[in-house]
Amino acid sequence: MTTKTKTKAASKLPLNQIIDGDCIEVMNSLPAGSVDLIFADPPYNLQLRGDLHRPDNSKVDAVDDAWDQFSSFAAYDKFTQDWLKAARRLLKPNGAIWVIGSYHNIFRVGAALQNQGFWVLNDVVWRKTNPMPNFRGKRLTNAHETLIWASKEEASKYTFNYDALKVLNEGIQMRSDWVLPICTGHERLKNEDGDKAHPTQKPESLLHRILVATTNPGDVVLDPFFGTGTTGAVAKKLGREYIGIEREEAYRKVAAKRLSKIRKFDKESLQVTPAKRSEPRVPFGQLVERGMLNPGDELYSMNNRHKVRVRADGSLIGDDVKGSIHQVGAHLEGAPSCNGWTYWCFKRDGKKVPIDLLRQQIRAEMAERPN
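- Looking at an unreviewed UniProt entry, the protein carries the name Methyltransferase, with the source organism given as Profundibacter amoris.
- As its UniProt record puts it under Sequence similarities (unreviewed entry), the protein is described as follows: "Belongs to the N(4)/N(6)-methyltransferase family."
- The UniProt entry for the protein carries the following comment under Catalytic activity (unreviewed entry): "a 2'-deoxyadenosine in DNA + S-adenosyl-L-methionine = an N(6)-methyl-2'-deoxyadenosine in DNA + S-adenosyl-L-homocysteine + H(+)".

### Section: helix α3 (residues 106-116)
For step 1, the next point in the chain: Of all the positions in α3, only Ile106, Val109, Gly110, Ala112 and Leu113 are classed as buried. Seen from one end, α3 has its buried residues packed into an arc of 165 degrees, which puts them on one side. Residues of α3 that are exposed and angled more than 90 degrees away from the buried face: Phe107, Gln114 and Asn115.
For step 2, the next point in the chain: Packing partners of the buried residues in α3 comprise α2 (73-90), β4 (91-101) and β6 (144-151).

### A short note on the environment of Val308
For step 1, the next point in the chain: Here Val308 lies in strand β11 (residues 307-310).
For step 2, the next point in the chain: Remark: the alpha-carbon pair of Val308 and Trp344, spanning 36 residues in sequence, is separated by 9.3 Å.
For step 3, the next point in the chain: Each residue touching Val308, except ones within four places of it in the same chain, is listed here: Asp297, Glu298, Leu299, Leu316, Ile317, Gly318, Val328, Leu332 and Trp344.

### A short note on the sheet that holds strand β12 (residues 316-318)
For step 1, the next point in the chain: Spatially, β13-β12-β11-β10-β14-β15 is the arrangement adopted by the 6 strands of the open sheet, whose pairing is antiparallel. Two strands in the sheet have a free side with no partner beyond their single neighbour: β13 (321-323) and β15 (351-354). The sheet shows a mean angle of 35 degrees between the axes of neighbouring strands, direction not considered.
For step 2, the next point in the chain: Of the pairings in the sheet, the one linking β12 to β13 comprises 3 bridges and is antiparallel in character. Note that in β13 the partner of Leu316 across the bridge is Gly323.
For step 3, the next point in the chain: Along the sheet face, helix α9 (residues 325-333) touches β11, β12, β13 and β14 (344-348) and points at about 150 degrees away from the line of β13.

Rules used in this analysis
- Residue numbering note: each chain is counted from 1, following its sequence as written.
- A pLDDT threshold of at least 70 governs which residues receive local features in this predicted model, and a stricter bar of 80 or more applies before side-chain atom pairs are shown or counted, although totals over entire chains, interfaces and linings include all residues.
- No hydrogens and no water enter the side-chain calculation; it runs on all heavy atoms of the structure.
- UniProt positions are given in the numbering used here, feature names are shortened, and annotations may be inferred rather than shown by experiment.
- Each residue is placed in one exposure class: buried if its accessible area under a 1.4 Å probe, protein chains only, is under 20% of its type's maximum, exposed if it is over 50%, and partly exposed if it falls in between.
- Helix and strand assignments come from DSSP, with helices taken as H or I runs of at least 4 residues and strands as E runs of at least 2, each series counted from the N terminus.
- The directions from the helix axis to the C-beta atoms are what the arc is built from.
- Any two residues whose heavy atoms approach within 4.5 Å are treated as being in contact.
- Note: two strands are recorded as paired if DSSP finds a minimum of 2 bridges between them.
- Here the axes come from fitting lines to C-alpha atoms, over the contacting stretch only for helices, and the angles between their N-to-C directions go from 0 to 180 degrees.

Listed below in structure tokens is the structure:
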């Protein structure tokens, strides 16, 4: 759905719509403090001089559209300051923003972000697996773009699904260099003439990672430079609400057609691995209170080197040591700390069972209770 909005203030958020208009005017018309995340792919101000040709003399379909052209760096800086100011006004207190750019503009945008009061959390290098070659051979091939992730304030409690990203990366902590392909093949949208619908269409894989990492289902995601709607398409699939702003009619038509074919994933599929710190705290003593373990039961270290007994108050006692499951484990291993939940196990039918399994049973019960 496309809505025409100019300067009249909106009484409520136009969720899941593409708004026709200037991004600054539209953002200033929306309710303040109403958006969870902004993803912005602003004009890069490429400053192209003349046509670019391949070695076979074929012309490269480069970005030479009017929306990417500015009369000077000062004009571009003014534009950047204005849209960032409007964007910051829209963010909730714990909101955040992602901005993507190339060497042409990202350093200017980064400075403007900090001058506006945003707090930079990370810069991410998107390393392209299939970048366009440098046909002139006078510079290094531009094989990456840079993203800046920033919270609205230094004290903002922004969303970061750390454990979900770790699972997405096969159990390894996600780094700030992302290797992803550019948008090609079946994902590349075409216009009625069979040409690329947009010269800088971003791949859905990039937005998938960003939205899984820094939003939750139901969050409102705004894209002030909507283009052909990659942000909206991924947001819709992942159960997020989106707002797109796009002044170019041709892009709006392509985006609307694209979004009409998108279906949201089912609720269960939208869940991601929660951060451990967000799960309910379960004291080890509760396992003893509930009879899941009894005083006198023996616990064994996962490496089979140590054995202790459970006491009535949930503490452990072993040879010359007593204390919590964490303290005793650390003492026996000569380590500064120990996660007792993953260190200790008990035996059932002759097999070792981690005590953390009992904790997860209690957490599952807590999740099933009505609010």
